[in-house]
Amino acid sequence: MFYPHASPEFGEWVKSLPGKRVAVIGHARPDGDCIGSQVALARVLRQAGAEAHCVNQDGVPRRLEFVARDERFLEPGEWMNDGWTAVSVDCSDADRPGETVKAVVSGYEANIDHHISNTHFARRNFVEVSSAATAEVLGGFFFDNGYPIDPVTAQGLYVGIATDTGQFRFPATSRRVFQICGRLLELGADPAVASSHLYEQESMGKMKLLQVYLASLRMVCDRRACIGVLPRDVFETTGASFEDTEGLVDYARSIHGVDVGAIIEDRGNEVKGSLRAKEGRFRVNDLAARFGGGGHVCAAGFTVQMTMETFYPRFLEELREHFRAVEVEN
Ligand code: 5GP
Ligand code: MN
């Protein structure tokens, strides 16, 4: 078994669902792990006799439409919470699904996730922090319980794992990751089709966005951190969409000698930050927590209600302080 301590409880929970209406809820601005996990769980729960629907505040990004296929994603306003069972995937806390979901969901029956910062906000919490992706956790649960996995489900799980491991490069990429992916391939997951959709269909807008980001890179903290900034009007000037920011921060981290890379998005009266570390000991989730965010030791993020002018110097200060703190510990 992949998750002997948790799969039986997951199986028990699924047994309680037939005939129920289940909302499979993901986080705002969904990524590959979120969409892949939502689609896969909804399909498996329907097989098990539940009426399952995917619910997301934001739509499915264009490059992930091949994962969603004919799965209709409901907007929170389209459904009522009364009589529905809510389950979250890939959400570290009850705020991650976004304001519009929060407005209609009063409580979560289950929470399936892999973030170290997960707050265990549901009645049943399936939180596997040693896993690279929520899709890995779900794949393990499905195999352990012997559920049938069709090719669409297999591809969804594969995409979730491939994207959250940075294409099988990040430290959480374990033997279990490859074992689960191997079995998903047997069941119809197709890595070549997935990477063609994910990485070979870029828009010119995204390339312009990349130019803006690369031109803004600045080395700080004795060249151990590299920060790039996206100005307020960048989506209008480049023609890029919000989902095109994904992956940009990896360029900052990839530089020789850099331990932590950052992308800071100026959104007018708020700032969104994404942090990436080369090694877990830099615990960027703790740095993100200094601004009310969270995530994993190597990948974390936050959104703060501040202007860029107030935020930037404060961020540099916290970054210096954070390096000092991890230095003392390691
Ligand atoms: P990203 O930087 O790609 O937005 O997110 C990286 C990781 O940090 C993801 O796993 C995501 O769940 C987490 N993360 C991003 N933003 C937030 C946030 O505002 N709050 C929390 N708790 N986690 C976040
Ligand atoms: Mn994830």
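Residues numbered from 1 in each chain as written. Chains lettered and ligands numbered in written order. Predicted model: local features only at pLDDT ≥ 70, side-chain atom pairs only at ≥ 80, totals over all residues. Heavy atoms only, no water.

What follows covers the overall build of the protein chain. Along its length, the protein chain carries 13 helices and 12 strands. A compact globule built from 330 residues would reach a C-alpha radius of gyration of about 20 Å, and the protein chain, at 20 Å, matches this within 12%. With the C-alpha coordinates of the protein chain rotated into their principal frame, the extents come out at 55 × 40 × 35 Å. By the burial criterion, 54% of the 330 residues in the protein chain qualify as buried. Nonlocal contacts in the protein chain, meaning residues at least 24 apart in sequence, comprise 66% of its contacts between residues at least 6 apart. Entry remark: accessible area of the protein chain is about 14300 Å², with carbon and sulfur atoms responsible for 50%. (Helix = DSSP H or I, 4+ residues; strand = E, 2+ residues; numbered from the N terminus. Rg over C-alpha atoms; globule rule 2.2 N^0.38 Å. Buried < 20%, exposed > 50% of the residue type's maximum accessible area, 1.4 Å probe, protein only. Contact = heavy atoms within 4.5 Å. Areas by Shrake-Rupley, 256 points an atom, 1.4 Å probe, with all protein chains shown as cover.)

Taken together, Asp33 (OD), Asp90 (OD), His114 (NE2) and Asp164 (OD) make up the protein donors of the manganese ion (ligand 2), found 2.1 to 2.4 Å from the metal. Note on Asp33: relative accessible area 0%, which makes it buried. (Donors = N, O, S within 2.8 Å, 3.2 Å for Na, K, Ca; no water.)

Let us look at the site of ligand 1. Lining the immediate surroundings of ligand 1 are 16 residues, of which His115, Lys272, Ser274, Arg276 and Gly294 lie closest. At 3.1 Å from a nitrogen atom of ligand 1 is found a main-chain nitrogen or oxygen belonging to Gly294. Between ligand 1 and the protein, one listed contact pairs an oxygen atom with a backbone N or O atom of Gly301 at 3.3 Å. Isolated, ligand 1 exposes 490 Å² of accessible area, and the fraction of that covered by the protein chains is 81%. The leading source of residues in the shell around ligand 1 is strand β12 (residues 299–304), at five residues. Considering only residue class, the shell around ligand 1 consists of three nonpolar, nine polar and four charged. Here the shell around ligand 1 gathers at least three residues from each of two domains, domain 1 (7–199) and domain 2 (204–329). (Near = heavy atom within 4 Å. Polar contact = N/O pair within 3.5 Å; in protein donor to acceptor, adjacent residues only side chain to side chain. Nonpolar A, V, L, I, M, F, W, Y, C, P; charged D, E, K, R; others polar. Domains from an automatic or database assignment.)

So, on to the domain arrangement of the protein chain. Its domain assignment divides the protein chain into domain 1 (7–199) and domain 2 (204–329). For domain 1 versus domain 2, the distance between C-alpha centres works out to 26 Å. Across the boundary between the two partners, domain 1 contributes 11 residues, which contact 11 residues of domain 2. At the junction of domain 1 and domain 2, the tally comes to four residue pairs in polar contact (both at pLDDT 80 or more). Broken down by class, the residue content of the side of domain 1 that touches domain 2 amounts to four nonpolar, three polar and four charged.

Right, let's talk about the pairing of strand β4 (residues 84–89) for a bit. Most of β4 is tucked away: six of the six residues are buried. Both faces of β4 are covered, namely the face carrying Trp84, Ala86 and Ser88 and the face carrying Thr85, Val87 and Val89.

So, about the nonpolar core. In this structure, Phe10, Trp13, Leu41, Leu45, Ile112, Phe142 and Leu184 are the most contacted members of the largest nonpolar core, which totals 53 residues. Apart from residues lying up to four places away in sequence, Leu184 is in contact with Phe143, Ala154, Leu157, Tyr158, Ile161 and Ala189. Val260, Val284, Tyr312 and Leu319 belong to the second largest nonpolar core, which has 27 residues in total. (Core = buried A, V, L, I, M, F, W, Y, C linked by side-chain atoms within 4.5 Å.)

Here we take up unusual backbone geometry. If you check the backbone angles, Arg69 has positive phi at about 50 degrees while not being a glycine. Looking at where Arg69 falls in the secondary structure, it is placed in the loop between α3 (65–68) and β3 (73–74). For Arg69, a relative accessible area of 57% translates into the label exposed.

Within the open sheet, the six strands sit side by side as β3-β2-β1-β4-β5-β6. Their pairing is parallel. Sheet topology places β3 and β6 (124–127) at the edges, where each strand pairs with a single neighbour. Across four bridges, strand β5 (residues 110–113) lies against β6 in parallel orientation. The partner of Ala110 across the bridge, within β6, is Arg124. Contacts from helix α2 (residues 32–47) reach β1 (21–25), β2 (51–55), β3, β4 and β5 within the one sheet, and its direction differs from that of β2 by about 170 degrees. In the packing of helix α5 (residues 134–145) onto the sheet, the strands contacted are β4, β5 and β6, and the crossing angle to β5 comes to about 110 degrees. (Pairing = 2+ DSSP bridges. Axes fitted to C-alpha atoms, helices over the stretch in contact; angles between N-to-C directions.)

A few words now on the pattern of salt bridges. The final tally for this structure, using the stated rule, is 21 salt bridges. For the salt bridge of Asp250 with Arg253, the shortest nitrogen-to-oxygen distance reads 3.2 Å. Taken together, the residues span about one helical turn, with Asp250 and Arg253 both in helix α11 (residues 249–253) at a distance of three residues. Assessed through its relative accessible area of 24%, Asp250 is described here as partly exposed. Under the relative-accessibility criterion, Arg253 is labelled buried at 9%. Arg283 serves as the salt-bridge partner of Asp286, at 2.0 Å between the closest nitrogen and oxygen. Each of the salt bridges in this network shares a partner with another, and the network as a whole consists of Arg29, Glu265, Arg267 and Glu270. (Salt bridge = Lys/Arg side-chain N within 4 Å of Asp/Glu carboxyl O.)

Reading across from one edge, β7-β8-β9-β10-β12-β11 is the order of the six strands in this open sheet, with mixed pairing throughout. Only two strands of the sheet have a single neighbouring strand rather than two, namely β7 (218–220) and β11 (294–295). Of the pairings in the sheet, the one linking strand β9 (residues 260–266) to strand β10 (residues 271–277) comprises seven bridges and is antiparallel in character. From the neighbouring strand, Val260 faces β10, where its bridge partner is Ala277. Sheet strands in contact with helix α9 (residues 204–216) are β7, β8 (225–230) and β9, and its direction is about 135 degrees off that of β8. Contacting β7, β8, β9, β10 and β12, helix α13 (residues 308–329) runs over the sheet at an angle of about 165 degrees to β8.

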